Every structure is written in structure tokens, then in C-alpha cells.
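Coordinate inspection notes
Letter by letter, the chains look like this.
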Amino acid sequence: MTETSRIRNFCIVAHIDHGKSTLADRLLELTHAVADRDMRAQYLDKMDLERERGITIKAQAVRLAHDGYELNLIDTPGHVDFTYEVSRSLAACEGAILLVDAAQGIEAQTLANYHLARDAGLAIVPALNKIDLPAADPDEVARELGVLLGRDPSEVLRISAKTGEGVPELLRAVIERVPHPGGDASKPLQALIFDSAFDAYRGVITYVRVHEGVLPSRARIRMMATKVETEAEETGVMSPEATPISQLGPGEVGYLVTGLKDVHQAKVGDTITLAGKHGAKEPLHGYREPKPMVWSGLFPAEGGDYSDLRDALDKLKLSDSALHYEPETSQALGFGFRCGFLGLLHMDIVKERLEREFDLELIATAPNVEFRIARGEEVTVVHNPAEMPTPGTYDRVEEPVVFATVVTPSDYLGAVLDLCQSRRGEQVDMSYMSPERAEVHYVLPLTEIVFDFFDQLKSRTRGYASLDYEPWGYQTADLVRVDVLLHGEPVDAFSSVVHRDKAYAYGRQMVERLKTLIPRQLFDVAIQATIGSRIVARETVKAKRKDVLAKCYGGDITRKRKLLEEQKRGKARLRRVGRVDVPQEAFIAALRVDEGASKGKK
Amino acid sequence: MSTGIYVHVPFCPTRCGYCDFNAYAGLDGLKPRYVTALLREVELAAPGWDDQDVVSVFLGGGTPTTLDAADLKALLAHLGDRFAVAPGAEVTVEANPDTVDEAKLAALRDAGYGRLSMGAQSFDRTVLSSLERIHDPDSVHRAFAAARAAGYENVNLDLIYGADGEGLDSWERTLLETVALQPEHVSAYALTIEPATPLGRKVASGAVPAPDPDLQADMFATACAVLCDAGYGHYEVSNWAKPGYECRHNLGYWERRPYLGLGAGAHSYRQDRRWWNVRPPEEYLRRVGSGELPVGGQERLEPADAYLEEVFLRLRILEGIPASWVEPGRAEPFLESGLLELDHDALVPTERGMLLLNELVLALAG
Ligand SMILES: Nc1nc2c(ncn2[C@@H]2O[C@H](COP(=O)(O)OP(=O)(O)O)[C@@H](O)[C@H]2O)c(=O)[nH]1
Ligand code: SF4
């Protein structure tokens, strides 16, 4: 056990691409935690998926030894979807390096993460990265940071995570400016789970921060929220490979192999204590169930492999405690699941894992938020537009809203304000960080963000504005369900809940989009958008008149036969809605909101 | 069994932008060797076909009339030596208007080419240039008159409709000028965009609009009306003829009778086997030069393949398929909607049905 005065627990918070992973690599090198030949770029980003997307999904902790200190570097997820996980990681630290790209300046995630870190009471060590870049403007960015932190710009360190310049000084500053943890080895054990992962061989592995008491290997332990008891099979630290140690003392950070088979039994935010009479009476505060914010129906692309999808979700759930799903039946898409996600990125990650790791082909309905429907005192929660009752049968509907932070070059401020306004935003405040950069806060309906807000923001500001947001409760809104009918048959997968003012435009857009996607049939097909029984938009796909091969002579016969066979296979892939044959691709394309909603954001 | 022989001549003066035939401009230097190779291939291929009754010979391309009349004469004579070409067999040569004059046509007729198929394509100058054809409407008139003067009494005119810039009016004028000439046979094809052609690439890039299928459907209806009024019988989706002038050679393809293809890229068919020669003329020359059959590939038709071909070819030639071939209930919707009609127990496509033949084939046989 290391004496608490020799321990520093810290994390790095930064906007995406400002150099967090690169800095982590330098720190590993500097403290010789990884032999140079083992050094692989961005050591801490573990999963392949993360490596490709350049994000860190799962937090992890590494113990570094330096100058007789035990430094625990706790990696935090960088995306809004995982705000709750970020907050748990921050709760395991006493300090944070606030890393800002000296060429980019402060961005929305810098601010959001800074506020979270400050609210968690962490000591902030500000640092500018990428000072080697010719475009870097460290003086200006240091000034902005000084204003943000209310400190002298000279306290802002300057480094290059790429060349290593300034990194030893930064490490020194962490030791000097970050307070050591408290904690008393004689008190009952209280250890915070700030991350958990599922290992196919060893079961659930949790990452913990001991606040009080001692967590010995092989002890009988209890999860205070889930009340699950188990044996601590192994305690250890990542340095950065897993290294077993006999116990974790107060202030220390490490991993714990629980022997449990399901991440739901050891949840992020829960407190671990000893089983029996030596256990703590109270858990550490702040545990919360992860709550899905975004919903979407997932269906097997070519019917039939519904049970494969179910098995895959069951497996995925073992390692993803935030994933929700329940069976759903769609007339148009068949059997599938309505899934709940923390956000759009989480949704994309799950879809991608299902397709990649489980080799499934999926159709996903457009993401939607949950709605609360109030009838007198009674409130029903709906996560599927198809379940939204008809107008007049309820008193009001509430939708979730978020507190959004947008940082933008001043030149685009007008465009940003227009966008937020047009998406039913309520401005909270607005300020200039410098003459060139402004920061605005809005309360926005989440449904607008889920729709295409992020893409619009990027395209209207040429990619220069950044966005971050956090849940902010519910508001009453005038929402209606828009249905889409093909040849008189409603297609449940295309139903959507939108604000009344936009219902007409939305209906028009869907109908026009479908007009280009529904292939011509042997009869005229009416495409209609309706609200209740009122038709708000209508288009017709005219019957096709010509589908014949002009010529067919000696050499063509084989080729033409093959074309027919191909056309036949194409027909087999069509789904029937009433009398209308709809290709798979039409569903996918019609349901695609806007690609980059999460991808651009990362 | 009655058999057809097809001979492919892959040379053209220039290449038309829409063309995906095995045709080449700028290979004229190969012509003498190509003719020699054709004669040689006749020798190589003839064994096994000697017992077949050859009822038609078709010289296609490319542009066969880019070869000298003497060579074409020698070729036909050689075929006559090696195969049982029936007396009165239909012998067709394809020609493009600018490659023939009266003298040449007379020589061809003399040599035994009794049927002439001419690539007129259109009588509208802008359509011809949009198709990148080198001739103009006057050349068609001139060549047609030359054919009559040379004694041709069985002439086909090929037409294409739906090129960029062609409207319904222009197409109707082309049809009227065509029937005014009174050819014995007319083929009218909807322009089809093949991806691997210069035109295909222009359409893909948006430089040229894709043909409008509805306009092409209207054009088809116009062709049916004008040609029928002028006394032509509609006997295949894209073919019309005065009574008795249906192309026997092409009917052979559609009735699934055997055919032997000679020349670069030519296809052959017999019983359950279809095979094809190598496409590039140089490779063809090399293969034949070394004394081998220049076969480039082949397929064996499974019964299901043969059935599908039988169905779609019968529907194309309006012979229709026996109602008993079709599962009960499948044809009814099309009979009701007027795409099919019942002609003595055979399901035959109507004029509207012909334009939706792919759908019909898949619905009936798929
Ligand atoms: N020139 C320069 N590039 C850097 C520096 N630090 C990081 N980068 C680059 O910036 C990009 C994003 O860095 P990364 O560490 O992945 O950022 P993260 O998203 O915050 O983890 C990568 O291409 C890095 O190579 C630096 O100090 N100088
Ligand atoms: S003349 Fe006929 S074969 Fe020759 S390039 Fe033109 S379309 Fe093709």
C-alpha cells in the first residue's frame, strides 16, 4: 500500500483530437511504464473500434511510477453520450489536466469537460498542446484559458505531446498542483466502480477507486446498489499490463476481477464494500442508473434471423450495461427490437458491433427520443412513435430537453443562433471568449439534436463550431405523430413524432424522399403523409410502362437470361407493404436521418 | 435440323458512342488476315455440323460491308462448300449507308447475299449526330435507292428511338419516312444505355440525360401504330415485317434452334450448350492461326435455364406460352390489367405487355 501523500489521481480532459491519447503515450514513455519496443501508438485506446473512430469509449486507469510517486492516470470518455461515465471517472480523481490544442483554441467539449471537472472539485492543470505546430497561437489561447479559469495565463503550461517538449514539466506540475487523496485504512471499505468491462475468460472486471478502507484480494465483497455478493478473485493495477497485487489501499486505483458473469451486477457508480458486518453502512453518493436517451428499432435486414439478433443483443448486453432492448413487431420490417441508447454515438457503436462482431445485416428505424404522455395524473412513457396516441386522447406530451453549449468563431455566430432558434431553442446566455470566438448556451429539445442538428451546425459553420450537451429535464411541447401511407397502407416504420409547426414540412420531405426511393410498380402508388386522418402531403409514383430488353439475338441470350435472373433475385429482396414492393435500400435510405450526426462528432 | 450460321465482322469506320458490340475502328490493317482466318475457322468448325440443314446465313458486325465484295463472295462460297446450305436459304448482310454504293450492292447480291439489313437508325440529323453516327438522312435515301437499283427485294431498315434530343414528333417523322421507302422489314430499338460505353459514361456523369422510359414507351406505341397502318406485322418486340418477310435467321434464335457463330466474339448454340469465341480480333487471329477453335467460354444450360429462355423468347415473338405452363392464379392479374391476352390457350403479351416483358417473365416463370 502506498501512503496517500505519495499518490496522485488525475485524468486528462480535452476536446476530441486535441491530443489526449498522444499525451497519454508520452506519459507512459516518460515513466517507463511501457518498454519502448512495446510502445504502440495510443496505447490506452483498447478496442479496434475505438482505434478506428479515434475515441475512447471505456475508461481505464494506468499506474505510473515517477520520482517516488504513484501516479494514476484515469482515462475518461470524451463524448456527450457518456457524460455519466465521465462524471464517475472524474469522481475517482483529485485533479485534471485540461488540454487544449494551441492551434484550435477552446472548444465546446473543452468547456463541458472543464465544467464537469470543476464541479467535481478537481484541481485543474491547464496545458496547451501542439506548440510545435506553425499555426499554434499559444499566447492567445493561454489568454482565453486564463479568462476561463480566472487565473494568470502564465500558469498555463505549454507542451508538444508529439515531440515530448514540456511533458516532464507537466508531470511535475501534476505532482505539485494536484492534491493527494484522503482516506483512512481503518474505516469500512468504500470503493467506487468507475468502469466495468466484460472479459470472455474472466467475467466482469471492474475498475475501482478506493475511498476508505482496504480492498484485499480474495475478500468477500458486496455491491451496495445491486446487493450482489461475490469474491474479489483478484485485485491489481494496470501498469499498463494487468499486474496482480494483494490489496488496494485508500486513495488507490486499480482493477478487480469479480467472477461475475454480467456487467449489470457490477454497475458503474456503485460502491463496493466488504460483505458482512465489516461493510460500510452508506454507499458513496452519486450512483445513477444509466438512462437511454435515444431509441431506435433494429430489424434483421433479410427477415428470418431474428433469433440471431436476439442472441447478439443478449451477448452485447453482458459488456454494455447501458444498452436496453425489448421485442418489437413492425408490419413493414417484421420482428426486431426497440433499443435504447445513451445517445447517437452509443447507437452507432452498438449497430456497428452487431454488424461487425456478429455479422448481422440490420435495418434501423430513425432514432427518436422518449415522450411522456400525460392524461390527468397518469403518465405513460413511449419510446416508439408508433405507440404515440392520436391527438385529443391525452392532455399533454412532454419531451426531453438538453442544455447545449456551442463554441463558434464569431463570424458564424449569426448562423448558429439562427439554427438554434429554428430548432426551438431557448437561449440561456452568450459570451465572447475573445473577439474571434463566442460561446452560447441553449436549452434545446433533444429530438431536434437527434434529427439533424449536428450536421446542420457543421455545414453552416464549415465545421468550425463545436457542440456539447447534457440532459436538462422535460418540457411540454405540441408534438404530433406523422404517419406515412403507401397505397393506403400505413408503414409503421416511417411514423415519426415531430413538433406541429414542422409536421407539414416533415411530411413533405418524407413523401418526396420516398417518391425517389419507391420503384415504379405496375400500378400508380400513392404516397401520403398524414396527421391523424388529415393528409398533409401526397405524391404519386406513376405506374411503370417499360421494362423490356430492346434486343435479344444470338450472343445476347445468355446475358439477358442472367439479367432476368438478377432481377428475380432483386425481387426476392423486396418487402411487401400491402401490394407495394419496397426494396430494402429504400427503407434504409428513407430512415437515414443524416449520417454524420454522431460520426462527425466522434 | 435447321440451323443458322452467323459470321461476325468486327470492323467499323468509327465507333458510335452507344455501341457495345464487338466492333473496332482503326483495325483496318487486320482485314486481310481476318478474312483468311474466317475461311480457316470454317474448316475448323465444320466437322459435326455437316449434317445440319443451314437455312440462314447472317453476316453481322461491326460493319461487314467494310470488307471487299470479293472477300464476302469468297466467304459465302466457302460456307456453301463446307455446309449443307439449303437452296433458297436466307442470306443477310448488314450494311451501313455510307459504306455501300450500287456497284458494291450489285456485287453482293450477285455473290448470293439476297437480304440487306441497313443501319438507318433515324431520319433526323440531330438524332444521328447525337448517336454519333457518321451518316446523314440523305445517305440513307441514297443507299436505299442503290439497293433497289441493285435488285434487292428484301431490305431491312434498323431504327433507334429515344436518343437525347429526340422528341415524339421527330420519331414519328422518322417512321413516316421509313414506311415511305417501303422496306420489307423494319427493326426499331429503344436506345439502351450500356455502362461500358462512352455514352454510358456520359449518362453516369450526368453530361447526357438517360433516356426517359415513358417517352420511349410512347415512341413504341407510335411505332406500333405507324408500322401497323403501313401494313407491317409486329412479330417480335422490336421487329416488324411485311407478310412473309420475317427474318428467318433471327427467328432461329428466338425459337431456340441451333446456330453456329464464326468470327471474333461470335456465339454458338446447340442442344444444351452455348459457347462463344474470344472477343479481341488479335486473339481470334492468333488462335485460329495456330489451328485451334477460338472458343473463349461456354455454358451448359440447366433445364431451369432452358425453361426461362423458352418462356422469355416465346413471349418476345408473340407466340406466347401455353396457359398450362403457368401456376394457376399467376396470369390472372395480368389478363385483368390488360398486359396479357389469351389466344387459343396461349398467354400472349399485348402491346402494353410487350413493354413490360421482364415483369411478365418473372411473374409467370420466376
Ligand atoms: N503536431 C502535433 N500533433 C499532435 C500533437 N499531439 C497530438 N497530435 C496529433 O493530433 C491528432 C489527435 O491526437 P489524439 O492524441 O488522437 O487526440 P485525442 O482525440 O484527444 O486523443 C493526432 O493526429 C496526433 O498525432 C502535438 O503536440 N503536435
Ligand atoms: S456502326 Fe454499328 S457496330 Fe459499328 S460502331 Fe456503330 S453501332 Fe457499333
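Residues numbered from 1 in each chain as written. Chains lettered and ligands numbered in written order. Predicted model: local features only at pLDDT ≥ 70, side-chain atom pairs only at ≥ 80, totals over all residues. Heavy atoms only, no water.

1. A closer look at the overall build of chain A
- Across its full length, chain A holds 14 helices and 33 strands.
- Put simply, chain A has 602 residues, and 58% of those count as buried.
- Counted over contacts in chain A with a minimum sequence separation of 6, partners at least 24 positions apart contribute 70%.
- If you sum the accessible surface of chain A, you get close to 24,500 Å²; carbon and sulfur atoms cover 49% of it. (Helix = DSSP H or I, 4+ residues; strand = E, 2+ residues; numbered from the N terminus. Buried < 20%, exposed > 50% of the residue type's maximum accessible area, 1.4 Å probe, protein only. Contact = heavy atoms within 4.5 Å. Areas by Shrake-Rupley, 256 points an atom, 1.4 Å probe, with all protein chains shown as cover.)

2. Notes on the site of ligand 2
- With respect to spatial proximity, the complete set of residues near ligand 2 consists of Cys12, Thr14, Arg15, Cys16, Tyr18, Cys19, Phe21, Ala23, Gly62, Thr63, Asn96 and Arg133 of chain B.
- The residue makeup of the shell around ligand 2, split by class, is six nonpolar, four polar and two charged. (Near = heavy atom within 4 Å. Nonpolar A, V, L, I, M, F, W, Y, C, P; charged D, E, K, R; others polar.)

3. A look at the environment of Glu233 of chain A
Residues and elements named next belong to chain A.
- Tracing the sequence through the fold places Glu233 in the loop between strand S11 (229-231) and strand S12 (234-238).
- You can call Glu233 partly exposed: its relative accessible area is 33%.
- Residues Glu233 and Leu256, spaced 23 residues apart in sequence, show a C-alpha to C-alpha distance of 7.3 Å.
- Contacts of Glu233, omitting those with residues within four sequence positions, involve Arg202, Ser217, Arg218, Val257 and Gly259.

4. Here we look at a negative patch on the surface
- Residues Glu302, Glu355, Glu361 and Glu585 of chain A make up a contiguous surface patch of negative charge.
- Along the polypeptide, Glu585 of chain A turns up in helix H13 (residues 584-591). (Patch = residues over 30% accessible without salt bridge, like charges linked within 9 Å, V, L, I, M, F, W, Y side chains within 5 Å. Salt bridge = Lys/Arg side-chain N within 4 Å of Asp/Glu carboxyl O. Lys, Arg positive; Asp, Glu negative; His and termini not counted. Charge placed at Lys NZ, Arg CZ, Asp CG, Glu CD.)

5. A look at the sheet that holds strand S15 (residues 321-322) of chain B
All names here are of chain B.
- Ordered in space as S15-S17-S16, the three strands form an open sheet in which the pairing is antiparallel. Both outer strands of the open sheet, S15 and strand S16 (340-343), are each paired with one neighbouring strand and no more.
- Bridge analysis of S16 against strand S17 (residues 346-349) gives four bridges, and the strand direction is antiparallel. Looking at the pairing, Asp343 lines up with Ala346 of S17. (Pairing = 2+ DSSP bridges.)

6. A short note on the site of ligand 1
Residue and element names in this part refer to chain A.
- Taken together, the neighbourhood of ligand 1 is formed by 16 residues, with Asp17, Lys20, Ser21, Thr22 and Asp132 sitting nearest.
- Between Lys162 and ligand 1, the recorded distance is 3.1 Å, taken from a backbone N or O atom to an oxygen atom.
- Its free accessible area being 570 Å², ligand 1 has 77% of it covered by the protein chains.
- Per element, the largest residue contribution to the shell around ligand 1 is three residues, and it comes from helix H1 (residues 20-30).
- When the residues that make up the shell around ligand 1 are grouped by side-chain class, the tally is three nonpolar, eight polar and five charged. (Polar contact = N/O pair within 3.5 Å; in protein donor to acceptor, adjacent residues only side chain to side chain.)

7. Regarding the environment of Val407 of chain A
All names here are of chain A.
- Tracing the chain through its elements places Val407 in strand S23 (residues 396-409).
- Distance in space between the C-alpha atoms of Val407 and His441 is 8.9 Å, their sequence separation being 34 residues.
- When near neighbours in sequence (up to four residues on either side) are disregarded, Val407 contacts Ile106, Glu107, Ala108, Leu111, Met433, Arg437, Ala438, Glu439, Tyr464, Ala465 and Ser466.

8. Description of the packing of aromatic side chains
- Under the counting rule described, the total for this entry stands at 20 aromatic pairs over all chains.
- Taking 6.4 Å as the distance between ring centres and 65° as the angle between the ring planes, the aromatic pair formed by Tyr553 of chain A and Tyr253 of chain B counts as edge-to-face. On the criterion of chain membership, the pair formed by Tyr553 of chain A in the loop between strand S31 (534-541) and helix H12 (556-572) and Tyr253 of chain B in helix H9 (residues 248-254) is interchain, its members lying in two chains.
- Judged by its relative accessible area of 14%, Tyr553 of chain A falls in the buried class. (Phe/Tyr/Trp six-rings, centres within 6.5 Å; stacked < 30°, edge-to-face > 60°.)

9. Some points on the interface of chain B and chain A
- The interface is formed by 39 residues belonging to chain B together with 25 residues belonging to chain A.
- Interface of chain B and chain A: buried area, both sides summed, is about 3,100 Å²; carbon and sulfur atoms make up 58% of it.
- On inspection of chain B and its partner chain A, the count reaches 10 salt bridges.
- For the salt bridge of Asp218 of chain B with Arg545 of chain A, the shortest nitrogen-to-oxygen distance reads 2.7 Å. (Buried area = accessible area lost by both parts, 1.4 Å probe.)

10. Here's the deal with the nonpolar core
- Core analysis: the biggest nonpolar cluster contains 113 residues, and Leu79, Phe83, Leu105, Tyr113, Tyr152 and Tyr284 of chain B have the highest contact counts within it.
- Looking at this core, the element that brings in the most residues is helix H8 (residues 213-229) of chain B, giving seven residues.
- Setting aside anything within four residues of it in sequence, one finds Leu79 of chain B in contact with Ile5, Val7, Val42, Val57, Val85 and Leu262 of chain B.
- Within the second largest apolar cluster, 49 residues are counted, among which are Leu316, Leu344, Val369 and Tyr442 of chain A. (Core = buried A, V, L, I, M, F, W, Y, C linked by side-chain atoms within 4.5 Å.)

11. Considerations on the pairing of strand S2 (residues 61-66) of chain A
Residue and element names in this part refer to chain A.
- S2 sits mainly inside the fold: five of its six residues count as buried.
- Two strands pair when backbone bridges link them, and S2 and strand S3 (residues 69-74) are joined in this way by six bridges, in the antiparallel orientation. From the neighbouring strand, Ala61 faces S3, where its bridge partner is Ile74.
- If you look at the hairpin formed by S2 and S3, you'll find two residues sitting between the two strands, and Asp67 has a positive phi there, around 55°.

12. Overview of the side chain of His267 of chain B
- Within the secondary structure layout, His267 of chain B lies in strand S12 (residues 267-270).
- At 3.2 Å, the side chain of His267 of chain B and the backbone oxygen of Gly265 of chain B are in polar contact.
- Excluding its chain neighbours within four sequence positions, the residues that come into contact with His267 of chain B are Gly554 and Gly555 of chain A together with Tyr259, Leu260, Gly261, Trp275 and Trp276 of chain B.

13. Some remarks on the environment of Ala200 of chain A
- With respect to the helices and strands, Ala200 of chain A occurs in the loop between strand S7 (190-199) and strand S8 (203-212).
- When the C-alpha positions of Ala200 of chain A and Leu318 of chain A are compared, they lie 9.8 Å apart, and in sequence the two are 118 residues distant.

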